[in-house]
Amino acid sequence: MRLMLLGGCLALAACDGQAWRAGAASRAEEQVRQVVSDPSAQFSRVQVTGDDRTGQTCGFASVRTPDGLGHLVRFIVYIDASAGPYVEAGLGRQVLTQDNFERAWQADCVKEGYDS
C-alpha cells in the first residue's frame with residue numbers, strides 16, 4: 001500500500017511540472033472569449049509553446065461575431081502579456097493585418113513547436 005501511494009505521489013509530481021501549460025491554455029481561451037465578445041466560443045488544436053515565462057498559447061477558435069456570423073480563426077495569447085492577444089481576421093481588440101498575424105503565427109507558434 002505504501003509503495004502505491006509513493007508511486008502516485010511521484011506521478012502527480014511529474015504531472016505538476018507541466019500543470020502550468022493547462023492553466024495557460026485555459027487563461028488564453030478565456031482571454032479570447034473576452035476579446036471577441038463570445039462567451040460560447042469553442043476551441044480546438046490549442047497548444048502552449050515556449051516556456052512558462054515567455055511562451056504563448058496558439059490555436060483555433062470558432063466564434064460568433066455580434067452580427068451573428070460564425071468564423072474559424074487562429075489566435076495567439078502571450079503568457080507574459082507583452083503583446084496581444086491576437087485573433088485572426090481583425091476580430092481582437094489589438095488588430096494585426098493578416099500579413100502581420102501570419103508572421104507572428106509562423107514565428108511564435110510554428111517555429112516554437114506548434115504542430116497543427
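What you see is a predicted model, and the numbers here were worked out from it, not measured in a lab. Counting restarts for each chain: residues are numbered from 1 in the order of the written sequence. Note on the predicted model: pLDDT of at least 70 is required for a residue's local features to be given, and 80 or more for side-chain atom pairs to be given and counted; whole-chain, interface and lining totals, by contrast, use all residues. Excluding hydrogens and water, the side-chain figures rest on all heavy atoms present in the structure.

### Here's the deal with helix 2 (residues 19-35)
Argument step 1. Going along the chain from the N terminus, every DSSP run of H or I of four or more residues is numbered as a helix, and every run of E of two or more is numbered as a strand. Expected helix span is taken as 1.5 Å per residue step, with the number of steps being one fewer than the number of residues. The terminal C-alpha atoms of helix 2, which comprises 17 residues, lie 25 Å apart, in line with the 24 Å expected from a rise of 1.5 Å per residue.
Argument step 2. Each residue gets one of three labels from its accessible area relative to the maximum for its type: buried under 20%, exposed over 50%, partly exposed in between, using a 1.4 Å probe on protein chains only. Regarding helix 2, the residues found buried are Ala 24, Ala 25, Ala 28, Glu 29, Val 32 and Val 35. Projection of helix 2 onto a plane perpendicular to its axis shows the buried side chains occupying an angular sector of 135°, all on one side. Exposed residues lying more than 90 degrees from the buried face of helix 2 are Ala 22 and Arg 27.
Argument step 3. By definition, residues are in contact when any of their heavy atoms lie within 4.5 Å. Looking at the buried positions of helix 2, the neighbouring elements they touch are strand 1 (42-49), strand 2 (56-64), strand 3 (70-78) and strand 4 (86-87). The arc in question is the one spanned by the directions pointing from the helix axis to the C-beta atoms.

### Considering the environment of Gly 90
Argument step 1. Its place among the elements puts Gly 90 in the loop between strand 4 and helix 3 (98-110).
Argument step 2. Assessed through its relative accessible area of 31%, Gly 90 is described here as partly exposed.
Argument step 3. Sequence separation between Gly 90 and Val 36 is 54 residues; the distance between their C-alpha atoms is 9.7 Å.

### A closer look at the sheet that holds strand 3
Argument step 1. Strands qualify as paired when DSSP identifies two bridges or more between them. Within the open sheet, the four strands sit side by side as 1-2-3-4. Their pairing is antiparallel. With partners counted over all chains shown, the strands left at the sheet margins are strand 1 and strand 4, one partner each.
Argument step 2. Pairing of strand 1 with strand 2, which is carried by six bridges, proceeds in the antiparallel orientation. Bridge pairing in strand 2 places Gln 47 opposite Cys 58.
Argument step 3. The angle between two axes is taken between their N-to-C directions and runs from 0 to 180 degrees, where each axis is a line fitted to C-alpha atoms and a helix contributes only its stretch in contact. Its contacts with the sheet place helix 2 against strand 1, strand 2, strand 3 and strand 4, and it is angled at close to 130° to strand 1.

### Some points on the pattern of salt bridges
Argument step 1. Salt bridges are identified by distance alone: a Lys or Arg side-chain nitrogen within 4 Å of an Asp or Glu carboxyl oxygen. Within the structure shown, the criterion is met by three salt bridges.
Argument step 2. Notably, a salt bridge pairs Asp 51 with Arg 53, separated by 3.8 Å at the nearest N-O pair.
Argument step 3. Residue Asp 51 is classed as partly exposed on the basis of its relative accessible area, which comes to 28%.
Argument step 4. The residue Arg 74 makes a salt bridge to Glu 88 at a minimum N-O spacing of 2.7 Å. Highlighted residues: Arg 74 in strand 3 and Glu 88 in the loop between strand 4 and helix 3, separated in sequence by 14 residues. Accessibility classification places Arg 74 together with Glu 88 in one group, the buried group.
Argument step 5. Counted as one network, the salt bridges with shared partners bring together Arg 74, Glu 88 and Glu 102.

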